[in-house]
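Descriptive analysis of the structure
One-letter residues, chain by chain:
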Amino acid sequence: MQTEEVKLSQVTVNSANPRTISKEKFDKLINSILVLPKMLELRPVVTDDAMVALGGNMRYRALSAISDMSLDEISSRLGAMRDFQKKTEAERNTLLAYWDGWKQNPVVPIVKASSLSAQEQREFIIKDNVGYGEWDMDMLANEWPAEDLDDWGLDVWQDPKDGEAGSGMETNSAKEGSKDGSLSERFVVPPFSILDTRKGYWQARKKLWRDIIGDMGESRNDTLITSPEIKYKDLYLKTRKHREELGITFVEYLDKYVSDEVKEREASKVLSAGVSLLDPVMSEIVCKWFGTQGCKTFDCFAGDSVFGYVSAYLGNEFTGVELRPEQAEINNARVEGMSARYINDDGQNVGKHIAANSQDLLFSCPPYFDLEVYSDLPNDASNQGSYEDFIGILRNAFTAALGCLKDDRFAVIVVGDVRNKKTGCYYDFCGDIKRIFRDNGAELYNEIILVETGASTALRAGRYMESRKVAKMHQNILVFYKGNTKNIKSNFPKIEYASEDLEQFRMDSGNEPDGDTEQV
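Figured I'd write up the structure that's included with this text.

About the cut-offs
- Residues numbered from 1 in each chain as written.
- Predicted model: local features only at pLDDT ≥ 70, side-chain atom pairs only at ≥ 80, totals over all residues.
- Heavy atoms only, no water.
- Helix = DSSP H or I, 4+ residues; strand = E, 2+ residues; numbered from the N terminus.
- Buried < 20%, exposed > 50% of the residue type's maximum accessible area, 1.4 Å probe, protein only.
- Areas by Shrake-Rupley, 256 points an atom, 1.4 Å probe, with all protein chains shown as cover.
- Axes fitted to C-alpha atoms, helices over the stretch in contact; angles between N-to-C directions.
- Parallel < 35°, antiparallel > 145°, perpendicular 65-115°, else oblique.
- Contact = heavy atoms within 4.5 Å.
- Nonpolar A, V, L, I, M, F, W, Y, C, P; charged D, E, K, R; others polar.
- Pairing = 2+ DSSP bridges.
- Arc of directions from axis to C-beta.
- Polar contact = N/O pair within 3.5 Å; in protein donor to acceptor, adjacent residues only side chain to side chain.
- Core = buried A, V, L, I, M, F, W, Y, C linked by side-chain atoms within 4.5 Å.
- Salt bridge = Lys/Arg side-chain N within 4 Å of Asp/Glu carboxyl O.

Thoughts on the overall build of the protein
When you go through the protein residue by residue, the secondary structure sums to 26 helices and twelve strands. Within the span of the protein, comprising 520 residues, buried residues form 46% of the whole. Looking at the protein as shown, the accessible area adds up to about 26,800 Å², and 49% of this sits on carbon and sulfur atoms.

What follows is the structure, given as structure tokens:
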């Protein structure tokens, strides 16, 4: 078959063509032709003998649209394109001259399918629009800029401007019924190496989780922590025997036997301690991105109940090991009736409670050395006399934990570097965690930055800069893989997302929240 050039007016668009295109995609097709007209020589329009387009209908329509533009419109449109801006001045002038000449005699390269029967032509129309292959997303991400891929019409994540409808939850592919849905529908938030907890969609989703979990919240008044078991932690533990004798719940006990003055005093002990709270959205992301459906998850430095609650709520089974008996008791009360449990023991002993090679996802946010001291227990990693002793405890615990993790599974560790209080220099905590896992056969697969800030960050910034320290407002999410990374695609299916949750998220995630965001 031979390619020939004919007048644009000689070709007729196929009214029976089953292929459609959105306005956004059509605009991108026009742009791609404007900036690279040679593409038409390699992909000519296919017609029958009556000059009706069988293949390339959209390219023909794009050329028709270009023929209706003035040269000034073409020049303005090209000037806004990144691919045009990359060209030299001589190349830009040559391209504009091409379109100036083309408009005086609009033509289109075609190939006639004269050898095809009527039935074969109908078959060709469908087969020409079928895509049999799949994109290698890793190669695309590593070798092509995302902005170029988007300009060229390939679907990539669009991070919408805050305040726009959907706020990260809708894309054109979702509206057009793409079988996979938008990336946000599948991954909750943009699957990038930077997670920004200050975004409106993140804060809206955090609020939904806080309402579900019901134990931690944020308010300008006094409700940093709303769970009575945590808010009045000492009272909860001291009154346990009395409540059992009375046969009443802790909430009922507070109402009947505790004065407002005592409640206020007890609550101030917790609120003034600067309790760090795990982010439930981050917990959800870890489960969805790096866990398997209905998997067994565990944590050897459990801390609060957030990850265990979120994991169990999503249909997983969770086991946490927590050194402090009061925290383990509070957590178990919080997840009662769910497929989650907390064992009161040293994280270094995780292998005594969980069978080897039995778990599908290890998640942990260990103590950050002496940044926050949790107890005076001698084996508490947060109150060790030296950083070396602290790292020794973490090495023992994570080595044992990796023995509990199945092969071809992920381990996700949330850490943030801490400063030596004597010198002000960082210890390289993140580096030490990477070495611990690498020494145990789990290589670093992803490193994600969790951006967070609040009023305290801004207040600290001015004081810190007196000694030229910048105020830290991020944590590191280190994702390790135990096994052969070639098995990931076969062991981890495509991510789906519940439509009812999506709808709720769409309704609630339109605007940035007022006030300061909460630190994780």
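That was the structure; now back to the text.
Concerning the packing of helix 1 (residues 23-35) against helix 3 (residues 57-67)
Two elements in contact, helix 1 and helix 3, have axes whose closest approach is 9 Å; the angle formed by their N-to-C orientations is 75 degrees. In terms of axis orientation, helix 1 runs roughly perpendicular to helix 3. Where helix 1 abuts helix 3, its residues F26, L29, I30, I33 and L34 lie against M58, R59, R61, A62, L63, A65 and I66. Tallied by class, residues from the contact of helix 1 with helix 3 come to ten nonpolar, no polar and two charged.

Describing the sheet that holds strand 3 (residues 53-55)
Reading across the sheet, the four strands line up as 1-4-2-3 and stay open at both edges, with mixed pairing between neighbours. Strands at the two margins of the open sheet, each flanked by one partner only, are strand 1 (3-7) and strand 3. The average undirected angle you get between the axes of adjacent strands in this sheet is 50 degrees. As defined by bridge partners, strand 2 (residues 45-47) adjoins strand 3 across two bridges and the pair is classed as antiparallel. Directly across from T47, in strand 3, lies its bridge partner A53. Sitting on the sheet, helix 3 is in contact with strand 2, strand 3 and strand 4 (107-112), with an inclination near 125 degrees to strand 3.

Re the environment of A65
Note that A65 resides in helix 3. Given the relative accessible area of 21%, A65 is considered partly exposed. A65 has contacts with F26 and I30, leaving out every residue within four places of it along the chain.

Considering helix 16 (residues 250-257)
When helix 16 is considered as a whole, its buried residues turn out to be F250, Y253 and L254. The arc that holds the buried residues of helix 16, viewed along the axis, is 100 degrees, so those residues lie on one side. For helix 16, exposure combined with an orientation more than 90 degrees from the buried face picks out D255 and K256.

Looking at the side chain of S22
For S22, the position within the fold is in the loop between strand 1 and helix 1. Owing to a relative accessible area of 18%, S22 belongs among the buried residues under this scheme. From its side chain, S22 meets the backbone nitrogen of K25 in a polar contact 3.1 Å long.

Some words on the nonpolar core
One finds I433 and F437 to be the most contacted residues of the largest nonpolar core, which totals 70 residues. Listed in part, the 29 residues of the second largest apolar core include L8, I30, F84 and L95.

Regarding the pattern of salt bridges
Under the definition given, this model contains 18 salt bridges. The partner of R435 in a salt bridge is D432, and the shortest N-O contact between them spans 2.8 Å. In this pair, R435 and D432 both sit in helix 23 (residues 429-439), three residues apart, roughly one turn of the helix. Residue R435 is classed as partly exposed on the basis of its relative accessible area, which comes to 35%. The salt bridge partner of R438 is E443, with a shortest N-O separation of 3.7 Å. Under the relative-accessibility criterion, R438 is labelled partly exposed at 40%.

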